[in-house]
Amino acid sequence: MIELEGVPELIDPVMVAAFEGWNDAGDAASTAVAHLDREWKGEVFAALDAEDYYDFQVNRPTVWLDGGVRKITWPTTRLSVVRVGGEKPRDLVLVRGIEPSMRWRSFCNELLGFAHELGVELVVILGALLGDTPHTRPVPISGTTSDPDLAQRMDLEETKYEGPTGIVGILQEACTHAGVPAVSLWAAVPHYVSQPPNPKATLALLNRLEDLIDVRIPLGELAEDARAWQVGVDQLAAEDSEVAEYVQTLEEARDTAELPEASGEAIAREFERYLRRRDGGQPGQPGGHATADGSDSTAYLRDSPGAGRARPPKAPKAEPETGAESETDRDTDAGTGPGTGPDDGDAPSEE
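Only a predicted model underlies this, so the values are computations on that prediction, with no experimental measurement involved.

So, about the packing of helix α3 (residues 104–118) against helix α5 (residues 167–178). Between α3 and α5, the shortest axis-to-axis distance is 10 Å and the interhelical angle comes to 55 degrees. The orientation of α3 with respect to α5, classified from their angle, is oblique. Both α3 and α5 take part in a crossing whose hand is right-handed. In contact with W104, F107, C108, L111 and L112 of α3, α5 contributes I167, I170, L171, A174, C175 and A178.

The structure is reproduced here in structure tokens:
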């Protein structure tokens, strides 16, 4: 049950949601929402009942000590509100949790009931998938929607994806049926270095969110963290000639695909985004993940310098997909990367 007590009247509210698990490669999406909550000092005012939606043998509660007293934190989805100041202040309703184990339709209906009560005008759901994208290039971000008017107005792709989906796809579809405008933003994470954190992908999601909802997001140390992350991956890849060769192959494929986009209009658009951010004065769980083709896959780059090596997979020759959930645009081809999806065996359409 969602409690709305103590929530003030909101200004042009936008709901921004992310869920750990299959939809969150490299923890990029959930970290983005956590960053918003931390930078704008959000306060949690509601949480969904964990027993309604989670299998505690899949997502176990944790025990911790508070002044010598043992306490338990249950896996759940929490909600907070932050106010973005400036000339045009607006509120963000932040939804952050773990992909539910069951009763997905009820889960989405509860969130949408909350959105209706608070007058939410737009739902933005963040996700991250594994794809054949090199870590040395800008992180591809695809924005998709089921609303053709919204797609045209915000320069997004209409959903055409077919295949396995997670709670991001289910929530977006629920928004469509409820008449609530919804957008999914997906970051493509290199499948050969999928271990969290991935600050470069988190930064890319926040930059795209900034453009989408027209707010200036304080980025803190994210830019420096992203540079340090890339240097670290460069060093790991350089230690294995086969990995380095594979990364070079991905770079060449990416650069070739993007040549038609190196137009004056595209360059001007990126430069405008840079100027907006500069003028804003911003301060400086185990398991599988979604891939570009909706499958699960296994990472091979070692977790630490002391771990063993493994041969990189050959780049698959699959057509890129576009759509909601584990889809991305032409910037990423069908990818391979870790494990088994946490929703395997959970039919999203069943309660």
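With that settled, the discussion passes to the packing of aromatic side chains. A complete count under the given rule lists 5 aromatic pairs for this structure. A ring pair is formed by Y192 and Y246, whose centres lie 6.2 Å apart and whose planes are at 80 degrees; its orientation type is edge-to-face. One end of the pair, Y192, is in the loop between β10 (182–190) and α6 (199–213); the other, Y246, is in helix α8 (residues 241–258), and 54 residues separate them in sequence. Of the residues examined, Y246 reaches a relative accessible area of 6% and is grouped as buried. Clustering of aromatic rings is evident, with ring pairs tying together F19, Y53 and F107.

Attention now goes to the pattern of salt bridges. The tally for this structure, following the rule as stated, stands at 5 salt bridges. One salt bridge connects R137 with D255, and the closest N-O pair in it is separated by 2.8 Å. With R137 in the loop between β7 (122–131) and β8 (141–145) and D255 in helix α8, the pair connects residues that are 118 residues apart, well separated along the chain. Judged by its relative accessible area of 23%, R137 is partly exposed. One network of salt bridges, with partners in common, ties together R137, E251 and D255.

Here we come to the nonpolar core. Formed by 41 residues in total, the largest nonpolar core has its most connected members in V124, L126 and I213. Among the elements that take part in this core, α6 stands out by supplying 8 residues, more than any other. The residues contacting V124, other than those within four sequence positions of it, are V14, M15, V16, A17, V183, L185, L209, L212 and I213. Counting 39 residues, the second-largest nonpolar core is a separate cluster that includes V7, C108, I167 and I170.

Here the focus is the packing of helix α1 (residues 28–39) against α6. When two helices pack together, their arrangement is given by the angle between their axes and by how far apart the axes lie. Contact geometry of α1 with α6 gives a least axis separation of 8 Å together with a crossing angle of 60 degrees. Classified by the angle between their axes, α1 and α6 sit oblique to one another. The handedness of the crossing between α1 and α6 comes out as right-handed. Of the residues in α6, those in contact with A28, A29, T31, A32, H35 and L36 of α1 are A201, T202, L205, L206 and L209. Here the residues of the contact of α1 with α6 are counted per class, giving 8 nonpolar, 3 polar and no charged.

Another point: the pairing of strand β6 (residues 90–98). The side chains of a regular strand alternate between the sheet's two faces. The element β6 is largely enclosed, with a buried count of 8 among its 9 residues. Relative to β6, strand β1 (residues 14–20) runs parallel, the two sharing 7 bridges. Residue A18 lies in a different strand from β6, and its bridge partner there is R96. Of the pairings in the sheet, the one linking strand β5 (residues 77–84) to β6 comprises 8 bridges and is antiparallel in character. Residue pairing in the sheet places T77 in a bridge with G97 of β6. Once β5 ends, the chain turns through 5 residues before running back antiparallel as β6, passing G86 with a positive phi of about 115 degrees.

Moving on to unusual backbone geometry. Following P196, the chain continues into P197 via a peptide bond in cis, with omega recorded as 0 degrees. Tracing the sequence through the fold places P197 in the loop between β10 and α6. For D27, which is not glycine, the phi torsion reads 55 degrees and is therefore positive. If you trace the backbone, D27 turns up in the loop between β1 and α1. At K41, a position not held by glycine, the phi torsion is positive, near 55 degrees. Looking at where K41 falls in the secondary structure, it is placed in the loop between α1 and β2 (43–47).

Another point: the pairing of β1. Judged by how many residues are buried, β1 sits mostly within the fold: 6 of 7 residues are covered. As judged from the 4 bridges shared by β1 and β7, these two strands associate in the parallel manner. Along β7, the bridge assignment pairs V16 with V124.

With respect to the secondary-structure elements, A228 resides in helix α7 (residues 222–238). With 29 residues separating them in the primary sequence, A228 and P199 have C-alpha atoms 9.1 Å apart.

Relative to the elements of secondary structure, R254 occurs in helix α8. Separated by 2.7 Å, the side chain of R254 and the backbone oxygen of P138 make a polar contact.

Before going further, it helps to spend a moment on the sheet that holds β8. Across the sheet, which stays open at both edges, the 8 strands sit in the order β2-β5-β6-β1-β7-β10-β8-β9 with mixed pairing between neighbours. Pairing within the sheet leaves two strands with one partner each, and these edge strands are β2 and β9 (157–158).

So, how was this worked out
- Residues numbered from 1 in each chain as written.
- Predicted model: local features only at pLDDT ≥ 70, side-chain atom pairs only at ≥ 80, totals over all residues.
- Heavy atoms only, no water.
- Axes fitted to C-alpha atoms, helices over the stretch in contact; angles between N-to-C directions.
- Helix = DSSP H or I, 4+ residues; strand = E, 2+ residues; numbered from the N terminus.
- Parallel < 35°, antiparallel > 145°, perpendicular 65-115°, else oblique.
- Left-handed = near helix turned anticlockwise from the far one by under 90°.
- Contact = heavy atoms within 4.5 Å.
- Phe/Tyr/Trp six-rings, centres within 6.5 Å; stacked < 30°, edge-to-face > 60°.
- Buried < 20%, exposed > 50% of the residue type's maximum accessible area, 1.4 Å probe, protein only.
- Salt bridge = Lys/Arg side-chain N within 4 Å of Asp/Glu carboxyl O.
- Core = buried A, V, L, I, M, F, W, Y, C linked by side-chain atoms within 4.5 Å.
- Nonpolar A, V, L, I, M, F, W, Y, C, P; charged D, E, K, R; others polar.
- Pairing = 2+ DSSP bridges.
- Polar contact = N/O pair within 3.5 Å; in protein donor to acceptor, adjacent residues only side chain to side chain.

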